Amino acid sequence: MTPADRARGVALARAARAGNTLALHELLDHLTPYVTRICTPIALADGPDAAQEALLAVFTALRSLRDPEALYGWVRAIAVRVAVRTAQRASRTRPAPDLTAIPAPGDPQLASDIGDVLARLSPAHRAVLVLRDVEGLDEEAAAAVLGVPPGTAKSRLHRARSSFRKAWSA
């Protein structure tokens, strides 16, 4: 996200908090790709539902945002919590996918198989992978978003990467 995009988001958040409903709608439109990028790898097939639920949470809690400059970190924390909760709820109702044959590198089905391997991980492990490897947060920032101690985030990341490697090479 460019600095201009961030500045626009902060300005829209300020205006929306002041009661400007047009700015609120523009803010939600502006945040949709960002929230979707966070929710989809965590909640997988339920990513669109998680993104919508996260945007609803942003909408209802926007007045509680104390510092509009912290908008993106605040939205990220909401999106991760909602995506993990959505993925956990879905994992209780869906059977695990059957992934007996993983294609060789270069196979066109490889991208979908990455998603299948991610589906084998718990939502908490997917969340820490997204925060570290997609969002680029350090362990302490990821731990703060997840609401766990840094050591827990570090151990989850280690287990998630290890589980991903094992599932990928199996």
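The coordinates are above.
Residues numbered from 1 in each chain as written. Predicted model: local features only at pLDDT ≥ 70, side-chain atom pairs only at ≥ 80, totals over all residues. Heavy atoms only, no water.

Draft legend 1. Here's a closer look at the overall build of the protein chain. Helices and strands together make up the secondary structure of the protein chain, namely 8 helices and 0 strands. The order of α-helices and β-strands along the protein chain, N terminus first, is α-α-α-α-α-α-α-α. Nonlocal contacts in the protein chain, meaning residues at least 24 apart in sequence, comprise 65% of its contacts between residues at least 6 apart. (Helix = DSSP H or I, 4+ residues; strand = E, 2+ residues; numbered from the N terminus. Contact = heavy atoms within 4.5 Å.)

Draft legend 2. Structural detail: the side chain of Arg126. If you trace the backbone, Arg126 turns up in helix α6 (residues 123-134). As a buried residue without a salt bridge, Arg126 has its nearest oppositely charged side chain in Asp46, at a separation of 7.4 Å. Among the polar contacts listed, one links the side chain of Arg126 to the backbone oxygen of Leu121, at a separation of 2.6 Å. Residues within four places of Arg126 in sequence aside, it is in contact with Pro41, Ile42, Leu44, Ala87, Leu118, Ala119 and Leu121. (Buried < 20%, exposed > 50% of the residue type's maximum accessible area, 1.4 Å probe, protein only. Lys, Arg positive; Asp, Glu negative; His and termini not counted. Salt bridge = Lys/Arg side-chain N within 4 Å of Asp/Glu carboxyl O. Polar contact = N/O pair within 3.5 Å; in protein donor to acceptor, adjacent residues only side chain to side chain.)

Draft legend 3. Spatial organisation of the nonpolar core. The biggest cluster of nonpolar side chains holds 49 residues, and the ones touching the most others in it are Leu31, Val35, Leu71 and Val80. When contributions to this core are tallied by element, the ones reaching two or more residues are α1 (3-17), α2 (21-43), α3 (47-61), α4 (71-93), α6, α7 (139-146) and α8 (150-169). Of the residues forming this core, the biggest block, 12 residues, is contributed by α4. For Leu71, the residues in contact, after removing those within four places along its chain, are Gly9, Val10, Ala13, Leu27, Leu31 and Leu65. (Core = buried A, V, L, I, M, F, W, Y, C linked by side-chain atoms within 4.5 Å.)

Draft legend 4. Looking closely at α7. Those residues of α7 not exposed but buried are Ala142, Ala143, Val145 and Leu146. Along α7, the residues classed as buried sweep out an arc of 160 degrees about the axis, all on the same side. Those residues of α7 that are exposed and angled more than 90 degrees off the buried face are Glu140 and Ala144. Within two residues after α7, Gly147 carries a phi angle of roughly 75 degrees, on the positive side. (Arc of directions from axis to C-beta.)

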